[in-house]
Amino acid sequence: MEWILSLYIGLAIALLAFVVGITRRRARWVVAGTAVAAPTCLSLALLFWVAPALAVLVIVVASALSAWALRRAGQLLAAMLLLPFGVFVVATALRVPLQTDQDGTSAIGLALGDLDGDGNLDIVLARGHHSPMVDVVLFNDGRGRFELHRLSDIADNSFSVALGDLDGDRDLDIVIGNDRHHPSRIYTNDGSRRFTLAGSFGAPEWNSRTVLLSDLDGDRRPDIVVANRDRPNQPGGTSVCLNDGRGQFPSCRELLRESAAAIAAGDIDGDGAVDLVVPHADRGQGSVLLNDGRGGFDKKRPFGITALAVAGVALQDLDGDGRPDIVLANRAGGSFAYFNERGGVFSDGVPIGDSRDRVFSVHVADLNGDGKADVMLGMAAEQAAVLLNRGDGRTFTRLGLGDRRGILAGLAEHGIVYGLATGDLNGDDAPDLVAARAFLPSMVYMNSLHRTAGAGGLPTLLWRRLVGPD
């Protein structure tokens, strides 16, 4: 979002300078405005999207050329030097809308579950990102068609959502993880499509990126795990908030101080307790936290390399040995699998997919009914991808969802897929895929496997919006 805003701000500055220069007959204002706005917004775009080092180089070189041209060579040469920057700004501003959420389903996080007890999987979308928005619930009619309802009237900077029966009444309640300045919230469900704000958890200054529900201490009540990302003067980390048995979370304790954006939970070492995988969000060491069965995580195992910027993680058995493996989504490029070698120790990372992929989310499920765990990757400004597992967890057949585009056209076409989930949405016993997309409506990909290729074949994933026209 920030880089798009920077482009619009840069365009506004250049247009203002142009208007003032024309009305006052001062051409120098036009050139000066372009000289300031164009390289600035280009460098910000590079900073947020491509390469920070290149962004710094561009702003230094462009500023030096602009100053030299204005001072030494006159306005015409300065305008010629800066024309490419101006074209970049105008083209991007016209091509990429600031917010194209026509149907109210642009989202960052999502969760699937039967919220109203009708046997159909419903969807909850966390929509805030860096701008406060109202989260929504989409109730499924059983045929994969959805009716949109507001979760509440509260607009939050929500990043993630998790579902679980917090209070023991057999209805799925909703946990929303928010960015700083907005408390993370708990909504209880009465089973009849009514949700009540029942409290909050954690600290308002947390930059929460992922919330996860799992019974960590063996009391049969789901506890909350939160991944918080670093910000200036606001350290991130991973914290656990234990359920008091009544669906409230009065206290939390920190497990890790390292910046985190994603968490996965599962029994890694085979002792029956839920362990945690916490990759580093900003090029640091990832950690495996082994549970002692009572919610204690004193045993910590490092995994992975420090060069990754992990936006998503999944924990599933890729190679069929009965032990869960780790799959990481690296927004800096590529995705990686780490294979479980027992005792909380994992192999070195094995690249899967394409090293050029800027992966922001990952999900693992058997899409084609062959009993093997397939991998789904959500991209930034590129087509999402399905990697069909050939059986060893290391080689895959890739299916693309949509056309592969360049970064500018790709953002308008694909947005950023921050969340992925699977479940049978239309009652045909085939898992369908839901993608939460920032800047664009979220999508559902209906899996027609059982009507086409048969188990083990290539699934046909027919896409459409969650609500509104196909």
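Reference entry: report on the structure contained in this document. (Residues numbered from 1 in each chain as written. Predicted model: local features only at pLDDT ≥ 70, side-chain atom pairs only at ≥ 80, totals over all residues. Heavy atoms only, no water.)

**Overview of the overall build of the chain**
(1) Moving on: Tallying secondary structure elements over the chain gives five helices and 28 strands in all.
(2) Moving on: Relative to its 470 residues, the chain shows a buried fraction of 54%.
(3) Moving on: Of the contacts formed within the chain by residues at least 6 apart in sequence, a portion of 46% connects residues at least 24 apart.
(4) Moving on: Carbon and sulfur atoms make up 54% of the accessible area of the chain, which amounts to about 19,900 Å² in all. (Helix = DSSP H or I, 4+ residues; strand = E, 2+ residues; numbered from the N terminus. Buried < 20%, exposed > 50% of the residue type's maximum accessible area, 1.4 Å probe, protein only. Contact = heavy atoms within 4.5 Å. Areas by Shrake-Rupley, 256 points an atom, 1.4 Å probe, with all protein chains shown as cover.)

**Considering the pairing of strand β6 (residues 173–178)**
(1) Moving on: Taken across its six residues, β6 has six buried, putting it largely inside the fold.
(2) Moving on: Taking every second residue as pointing to the same face, both faces of β6 are buried, with D173, V175 and G177 on one and I174, I176 and N178 on the other.
(3) Moving on: Looking at chain direction, strand β5 (residues 158–164) and β6 are connected through six bridges and run antiparallel. In the sheet register, A162 faces β6, and the bridge partner there is V175.
(4) Moving on: Here β6 runs beside strand β7 (residues 184–189); their pairing, made up of three bridges, is antiparallel. Within β7, the residue paired with V175 across the bridge is I186.
(5) Moving on: Counting the residues between successive antiparallel strands, the hairpin from β6 to β7 contains five residues, one of them, H181, with a positive phi of roughly 75°. (Pairing = 2+ DSSP bridges.)

**Some details on the sheet that holds strand β18 (residues 325–330)**
(1) Moving on: In spatial order, the strands read β17-β18-β19-β20; together these four strands make up an open sheet with antiparallel pairing. The open sheet has two edge strands, β17 (310–316) and β20 (350–352), and neither has a second partner. In this sheet, adjacent strand axes meet at a mean angle of 25° when their direction is disregarded.
(2) Moving on: The pairing of β18 with strand β19 (residues 335–338) spans four bridges and is antiparallel. Counted as the bridge partner of V327 is A337 from β19. (Axes fitted to C-alpha atoms, helices over the stretch in contact; angles between N-to-C directions.)

**Regarding the sheet that holds β7**
(1) Moving on: On the basis of which strands lie adjacent, the open sheet formed by four strands has the order β5-β6-β7-β8 and antiparallel pairing. Where the open sheet ends on each side, the last strands, each with one partner, are β5 and β8 (195–201). Strand-to-strand, the axes of this sheet are offset by a mean angle of 25°, without reference to chain direction.
(2) Moving on: In the sheet, β7 pairs with β8 via six bridges, with the strands oriented antiparallel. From the neighbouring strand, R185 faces β8, where its bridge partner is S200.

**Description of the pattern of salt bridges**
(1) Moving on: What the rule picks out here adds up to 15 salt bridges.
(2) Moving on: The residue R193 makes a salt bridge to D116 at a minimum N-O spacing of 3.0 Å. Of this pair, R193 sits in the loop between β7 and β8 while D116 sits in the loop between β1 (109–113) and β2 (122–126), placing them 77 residues apart in sequence.
(3) Moving on: Look at R193 and you get partly exposed, because its relative accessible area is 36%.
(4) Moving on: Where E254 meets R257, a salt bridge forms, and the shortest distance between an N and an O atom there is 3.2 Å. (Salt bridge = Lys/Arg side-chain N within 4 Å of Asp/Glu carboxyl O.)

**Things to note about empty space enclosed by the protein**
The gaps left among the atoms become clear once a water-sized probe is rolled over them.
(1) Moving on: What the rule picks out here adds up to two cavities of 30 Å³ or more.
(2) Moving on: The volume enclosed by the second largest cavity comes to roughly 50 Å³.
(3) Moving on: Lining the second largest cavity, in full, are P279, H280, G284, G286, F303, G304, I305, L308, V310, L328 and Y338.
(4) Moving on: Considering only residue class, the lining of the second largest cavity consists of seven nonpolar, four polar and no charged. (1 Å grid on protein atoms, 1.4 Å probe; cavity = no way out; pocket = protein on both sides within 12 Å on 5 of 7 lines; lining within 4 Å. Points joined across faces, edges and corners; volume = space filled by probe spheres on them. Nonpolar A, V, L, I, M, F, W, Y, C, P; charged D, E, K, R; others polar.)

**What about the nonpolar core?**
(1) Moving on: In terms of nonpolar packing, the biggest core is built from 17 residues, with L318, V327, I352, V362, V364, V375 and L377 touching the most fellow members.
(2) Moving on: Breaking this core down by element, the ones donating at least two residues are β18, β21 (359–365), β22 (374–379) and β23 (384–389).
(3) Moving on: Counting residues in each nonpolar core, the second largest holds 16 residues, with A264, L308, V310 and L315 among its members. (Core = buried A, V, L, I, M, F, W, Y, C linked by side-chain atoms within 4.5 Å.)

**Looking at the state of the cysteines**
(1) Moving on: The full count for this structure, using the stated rule, is one disulfide.
(2) Moving on: Disulfide pairing is shown between C241 and C252; the S-S distance is 2.0 Å. Disulfide C241-C252: torsion about the S-S bond near 100°, hence right-handed. Placement of C241 in strand β11 (residues 237–241) and of C252 in strand β12 (residues 252–256) is noted, with a sequence separation of eleven residues between them.
(3) Moving on: Residue class for C241 comes out buried when judged on its relative accessible area of 0%.
(4) Moving on: Of the residues examined, C252 reaches a relative accessible area of 30% and is grouped as partly exposed. (Disulfide = S-S within 2.5 Å.)

**Quick word on the packing of aromatic side chains**
(1) Moving on: With the rule as written, the count across this model stands at three aromatic pairs.
(2) Moving on: Between F303 and Y338, the ring centres sit 5.4 Å apart and the planes meet at 85°, which makes this aromatic pair edge-to-face. Note that F303 is positioned in strand β16 (residues 299–303) and Y338 in strand β19, a separation of 35 residues in sequence.
(3) Moving on: A relative accessible area of 4% means that F303 is categorised as buried.
(4) Moving on: Under the relative-accessibility criterion, Y338 is labelled buried at 2%.
(5) Moving on: Look at F360 and Y418: their rings are 5.4 Å apart centre to centre, the planes differ by 90°, and that puts the pair in the edge-to-face class. In this pair, F360 is assigned in strand β21 and Y418 in strand β25 (residues 416–423), connecting sequence segments 58 residues apart.
(6) Moving on: Given the relative accessible area of 11%, F360 is considered buried.
(7) Moving on: Relative accessible area serves as the criterion here: at 24%, Y418 is assigned to the partly exposed category.
(8) Moving on: A network of ring pairs unites the aromatic residues F303, Y338 and F346 as a single cluster.
(9) Moving on: Taking NZ or CZ as reference, R209 lies 3.9 Å from the ring centre of F159, over its face. (Phe/Tyr/Trp six-rings, centres within 6.5 Å; stacked < 30°, edge-to-face > 60°. Lys NZ or Arg CZ within 6 Å of the ring centre and 35° of its normal.)

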